[in-house]
Amino acid sequence: MLFDIASTAGLTLLGFVLGRTTGLPNFRDDIGNWTEPLGLASIFTEGVTVLLGADKVATTPRIERGGLTTAVVGAEQSFSRAL
């Protein structure tokens, strides 16, 4: 889910950059308008979201086998006692 959020923010950031440089179809009013306050806030927020998402994806260990229950410490013992 976090990867999806970071990807969405990254694509939004890409769309912002394309809209300000080459322009997009039916969206040529903002070419070169880099100093708009809401645009700068958007670049900052989306950039931070992409960086935090990429850091979290890179530093989170993967679950190799056994699913989520084996990833939780002590879950195997409590699960077997519950049965």
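What you are looking at is a predicted structure, and each value in this text was computed from that prediction instead of being measured. (Residues numbered from 1 in each chain as written. Predicted model: local features only at pLDDT ≥ 70, side-chain atom pairs only at ≥ 80, totals over all residues. Heavy atoms only, no water.)

A few words on the overall build of the protein. Within the protein one finds four helices and zero strands. In sequence order, the secondary structure elements of the protein are arranged as α-α-α-α. Among the 83 residues that make up the protein, the fraction classed as buried is 14%. Taking all contacts inside the protein whose residues are at least 6 apart in sequence as the whole, residues at least 24 apart take part in 37%. Carbon together with sulfur atoms contributes 66% to the accessible area of the protein, which is approximately 6600 Å² in total. (Helix = DSSP H or I, 4+ residues; strand = E, 2+ residues; numbered from the N terminus. Buried < 20%, exposed > 50% of the residue type's maximum accessible area, 1.4 Å probe, protein only. Contact = heavy atoms within 4.5 Å. Areas by Shrake-Rupley, 256 points an atom, 1.4 Å probe, with all protein chains shown as cover.)

On to the pattern of salt bridges. Opposite charge on two side chains permits pairing when their charged atoms draw close. What the rule picks out here adds up to one salt bridge. Measuring nitrogen to oxygen at the nearest pair gives 3.3 Å for the salt bridge that ties Glu36 to Arg20. Highlighted residues: Glu36 in the loop between helix 1 (2-21) and helix 2 (37-59) and Arg20 in helix 1, separated in sequence by 16 residues. Residue classification places Glu36 among the partly exposed positions, given a relative accessible area of 28%. Exposure remark for Arg20: the relative accessible area of 7% places this residue in the buried category. (Salt bridge = Lys/Arg side-chain N within 4 Å of Asp/Glu carboxyl O.)

With that settled, consider the environment of Glu46. Counting through the fold element by element, Glu46 comes out in helix 2. Each C-alpha atom, one on Glu46 and one on Thr8, is 9.0 Å from the other, the two residues being 38 residues apart in sequence.

The grouping of Leu11, Leu14 and Leu18 at the surface amounts to a nonpolar patch, some 280 Å² of accessible area in total. Mapped onto the secondary structure, Leu11 falls in helix 1. (Patch = residues over 30% accessible without salt bridge, like charges linked within 9 Å, V, L, I, M, F, W, Y side chains within 5 Å.)

Another aspect to go through is the side chain of Glu46. Lacking a salt bridge, the buried Glu46 has Arg20 as its closest oppositely charged neighbour, with an N-O distance of 9.8 Å. A distance of 3.5 Å separates a polar side-chain atom of Glu46 from the backbone nitrogen of Leu13. (Lys, Arg positive; Asp, Glu negative; His and termini not counted. Polar contact = N/O pair within 3.5 Å; in protein donor to acceptor, adjacent residues only side chain to side chain.)

Every α-helix carries 3.6 residues per turn, so stepping three or four residues along brings you back to the same face. Helix length check: helix 2, at 23 residues, gives a terminal C-alpha distance of 33 Å against a target of 33 Å (1.5 Å per residue), a fit within 8%. Of all the positions in helix 2, only Gly39, Glu46, Gly47 and Gly53 are classed as buried. (Expected span 1.5 Å × (residues − 1).)

Turning our eyes to something else, we now look at the confidence of the model for the protein. With 71% of its residues at a pLDDT of 70 or more, the protein has an overall mean of 75. Taken element by element, the protein is modelled with least confidence in helix 4 (residues 75-82), mean pLDDT 52, and with most confidence in helix 2, mean pLDDT 85. (pLDDT = per-residue confidence, 0-100.)

The next point concerns the side chain of Arg20. Within the structure, the side chain of Arg20 is placed 2.9 Å from the backbone oxygen of Asn33, a separation counted as a polar contact. Ignoring anything within four residues of it in the chain, the contact list for Arg20 reads Phe27, Asp30, Ile31, Gly32, Asn33, Trp34 and Glu36.

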